[in-house]
Each structure stands twice: as C-alpha cells, then as structure tokens.
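# Descriptive structure summary
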Amino acid sequence: MPLPARAQVVVVGAGLAGLSAALRLAAAGVDVHVAEAASHAGGRLATERVDGFVVDRGFQVLNTGYPRAVDLDLPALDLGWFWPGATIRVDGRRSRVVDPRRRPTAALDTLRAPIGSPVRKAAVAAYSARAAYTSVDRLSREPETSAEERLRRAGVGDTALERFFRPFLAGVLLEDRLETSSRYLDLLWRSFARGAIGLPARGMQAVGEQLAGRVGAGRVHLGVRVTAVSGDAVTTEAGRTRADAVVVATDPDTAAALVPGLTASAPRQVTTHLHVLPSSPTGEPLLVLGTPGGRLVNSAVLTDAQPAYSPDDRALVASSSLAPTREPDVRAEVAALHGIGPGDLQHLTSVTVPQAQPAAVPPLRLRQPVDLGGGLFVAGDHRDTPSIQGAMASGARAARAVLRALSPDQRGAA
C-alpha cells in the first residue's frame with residue numbers, strides 16, 4: 001500500500017527505531033505514516049521458517065534489562081528464557097558459570113569453574129554487582145577506556161578474560177579484541193545483571209511486528225522504497241508525499257545515502273550456522289562459549305530456551321562466528337562444544353549478516369543529535385548504542401524532537 005499524498009510525519013524505515021518513533025507520535029495524535037522497503041516490520045530483527053524451524057537472521061535475543069524493554073508487551077511475546085550465564089569447555093570438560101543470585105543451584109558449579117582463583121572470581125562478582133547497582137548516569141561518567149582494559153582493571157584476571165568474557169562479549173559486541181568503549185561495556189553488563197534473556201515464540205521478528213501493530217492499521221506501509229527525502233517530503237517510486245517532518249530511521253548505509261553529510265556505518269558482521277539434533281545434549285538453556293583459538297564465539301541449543309523454535313521434539317542449534325565461515329569448516333567445532341559427534345549434526349541453513357551493527361569504540365557518543373534541522377530527523381542505533389536498546393531509545397528521542405518542532409497548533413491537537 002503506497003503512502004498517502006499528505007501526512008504530518010513520515011518515518012522512513014520500520015525497524016525498531018522507526019517504529020518506536022512512530023508509536024510515540026501516533027500516541028500523541030500525530031498523523032504519522034511509516035515507509036518500509038522490506039516486506040516485514042522489524043528491520044534487522046527478521047525471522048523465517050526453514051523446514052518448520054523458526055530461524056532468526058543471525059543469533060539474536062531480547063534482553064529485558066534494557067530500559068526500553070518497558071515499551072514492549074513482554075507476556076504477549078511468549079518468551080522462552082536462557083539461564084543467566086554460560087557454559088565453558090576446558091580440556092574437553094564442561095563447566096557452568098551462572099549468576100548464583102538467580103540460579104542458586106548452580107552456585108557450586110560456578111565456584112568450581114576453571115576461570116581463575118577465588119580472588120579472581122570474587123573480582124568478577126564485584127564487577128557484576130557494581131554494574132548492576134550503579135546508576136546509568138554514574139556509569140556514563142566513568143573514565144573511558146577499552147572494554148578489555150576495564151575488565152583488567154577490575155581484576156578479573158587473564159583466565160576469566162580469555163575463557164569467559166572475551167567469547168561471551170564477542171557474541172554481543174561482534175568483535176573479539178574488546179576494543180569497544182568501557183562505558184558501553186558497563187551499561188551492557190548492567191542490563192545482563194538486571195534483566196533476563198529470552199526468545200519470542202514466533203522469533204525475534206515478532207518484536208517489530210508487535211510495535212508495528214500498535215502504531216495502527218494502515219500506517220505502516222511495507223514494500224515501499226523511499227528514494228529521496230527532505231524536511232517536508234519523501235519521494236517513492238509511487239510519487240511524492242508531503243509532510244511537516246520526516247524521520248530517517250533506516251540502516252546506517254541507507255541513512256547516509258538519503259541524508260548527505262550524515263556519518264553512520266555498521267562495520268560489525270556475523271555468520272550463524274543452524275543445525276538440527278535428534279534431541280538436546282543437556283536440556284540446559286545455556287550459551288556455550290567458544291574456546292580460545294577457535295572459529296566460533298558461541299553456540300546455543302535455542303530450543304532449550306524456546307521449544308517453539310522446533311516443529312517437533314528435535315533440537316535447533318545456532319553457532320556463530322565473527323568472520324564468514326563455511327559450515328563444513330566449523331561442524332567439528334560445533335560438535336566439540338556440545339560434546340557430541342559431528343555426524344549427529346544435520347545442517348539446516350547458514351546466515352551471514354553483513355553490517356550487523358555499528359561499532360561502539362571510544363569515545364562513545366551517546367545520544368547523538370536526532371534533529372538535523374529544517375524538519376528532517378534521524379533515528380537508529382547508530383545514534384545511541386548498537387543494540388535493541390539503542391534503536392528504541394533513539395526512536396523515542398526522535399519522536400520527542402519532532403513533537404517539539406511541530407507548530408503550536410499541532411502540539412495542542414496532539
């Protein structure tokens with residue numbers, strides 16, 4: 001369905017940033033319409049069915065510790081949950097490192113895990129507690145360095161850094177040198193310490209679809225590619241739509257192409273291989289971390305956390321690498337991480353996601369300007385942090401900026 005010839009606000013892009021902006025504008029009574037080139041809402045949160053299995057575009061999860069998670073109807077997503085922690089494998093032996101506050105039965109395993117001396121483990125616990133209970137404002141004012149340097153200064157030690165933190169964070173940050181800003185690490189670790197990690201029963205795309213449904217029927221226009229924007233109009237293949245304000249909430253490359261002079265990029269990438277097993281090796285919903293020197297950063301039996309990802313009782317395994325990899329090259333490594341034979345794995349599909357997310361290297365630029373002037377606005381995780389939180393937060397900021405910019409009569413009507 002094409003855009004109307006006239007709207008108060010046009011949002012370009014139905015990812016989480018654009019939908020978050022549109023949702024707030026619609027709630028304020030603004031006549032807002034969203035143009036999305038793809039055939040689905042949700043942007044990078046995309047899901048398909050492969051042989052009956054729910055397959056997300058890369059390994060993605062929903063962290064309820066993100067502040068903007070309050071904007072979602074979490075019960076309606078029918079989430080399945082991972083345990084708060086991970087499994088590591090050292091010399092062929094499996095050990096669990098789990099937050100003992102939320103799974104006390106795993107406390108002894110965590111104490112015995114080969115991630116350093118008791119003093120080092122106490123330092124890990126102290127860092128987690130500090131991140132969990134320090135305010136966001138205070139964390140954001142901490143002296144900035146790299147993520148690796150922050151962990152070293154926290155005293156976690158080389159063993160925990162290499163066996164736990166580096167592979168765990170590589171799967172989130174999509175970089176294993178831990179060159180990411182220490183401030184972003186602190187904020188991220190705060191969300192892990194305070195929230196839970198889940199998967200919607202219908203896949204991660206359901207998050208975007210929920211927001212799109214709340215924007216309102218007839219306001220989200222799929223399959224509509226915008227070719228040009230200005231502060232008072234957008235141009236599509238079907239024609240021109242006049243508007244009082246335009247919000248560009250696309251991926252960074254598209255945003256930079258539509259808005260000359262806008263600096264935005266997403267250099268991080270990830271490849272995820274999906275395999276099917278007759279049943280789960282452990283039945284425990286825990287991320288299994290890659291080993292030093294391996295190609296994989298992590299692997300997880302998704303159906304241990306969310307059984308709805310399988311059409312039957314078989315297990316679905318997702319294993320990710322930062323560099324593009326071929327499935328035959330990582331099959332043995334996937335099997336070793338789960339303590340099974342390579343022949344047990346049935347390859348379902350593999351997905352490489354280029355430009356999966358922006359980088360967050362020092363100096364971290366939180367809350368970058370969203371009002372570009374002249375009725376043109378921008379939103380996306382490249383304006384905040386490279387995450388679901390960053391996308392939704394920037395969309396909320398863009399909506400507030402648009403409402404401030406509308407004429408007094410329009411604000412009054414809203």
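This is a predicted model, so every value here is computed, not measured. (Residues numbered from 1 in each chain as written. Predicted model: local features only at pLDDT ≥ 70, side-chain atom pairs only at ≥ 80, totals over all residues. Heavy atoms only, no water.)

## Some points on the environment of P167
Mapped onto the elements, P167 comes out in helix α6 (residues 157-173). Classification of P167 as buried rests on a relative accessible area of 8%. The spacing of P167 and L185 is 18 residues in sequence and 14 Å in space, taken between C-alpha atoms. (Helix = DSSP H or I, 4+ residues; strand = E, 2+ residues; numbered from the N terminus. Buried < 20%, exposed > 50% of the residue type's maximum accessible area, 1.4 Å probe, protein only.)

## Some words on the UniProt feature "domain: Amine oxidase" (unreviewed entry) in the chain
The UniProt feature table records "domain: Amine oxidase" (unreviewed entry) at residues 16-403. Within the segment residues 16-403, helix and strand shares are 32% and 26% respectively, and the terminal C-alpha atoms sit 19 Å apart. (UniProt positions renumbered as here; feature names shortened; annotations may be inferred.)

## Examining the sheet that holds strand β15 (residues 287-289)
Ordered by their spatial adjacency, 7 strands build an open sheet running β8-β7-β15-β16-β17-β14-β18, and the pairing between neighbours is mixed. Each end of this open sheet is capped by a strand with a single partner; those strands are β8 (93-98) and β18 (346-357). Strand after strand, the sheet turns through a mean of 25° between neighbouring axes, direction not considered. Pairing analysis gives 5 bridges linking strand β16 (residues 296-301) to strand β17 (residues 315-321), with the strands arranged antiparallel. Within β17, the residue paired with V301 across the bridge is V317. Across the sheet, α6 lies against β7 (85-90), β8, β14 (268-277), β15, β16 and β18, angled at about 125° from β7, the strand it touches most. (Pairing = 2+ DSSP bridges. Axes fitted to C-alpha atoms, helices over the stretch in contact; angles between N-to-C directions. Contact = heavy atoms within 4.5 Å.)

## Details of the packing of aromatic side chains
Overall, the coordinates contain 9 aromatic pairs when judged by the stated rule. On the numbers, 5.6 Å between centres and 75° between planes, the contact of F168 with W189 is edge-to-face. Here F168 is found in helix α6, whereas its partner W189 is found in helix α7 (residues 182-194), with 21 residues between them in sequence. Judged by centre distance (6.0 Å) and plane angle (65°), the ring pair of W189 and F192 falls under edge-to-face. Residue W189 and its partner F192 are located together in helix α7, separated by 3 residues, close to a single helical turn. Side by side, W189 and F192 carry an identical accessibility label, which is buried. (Phe/Tyr/Trp six-rings, centres within 6.5 Å; stacked < 30°, edge-to-face > 60°.)

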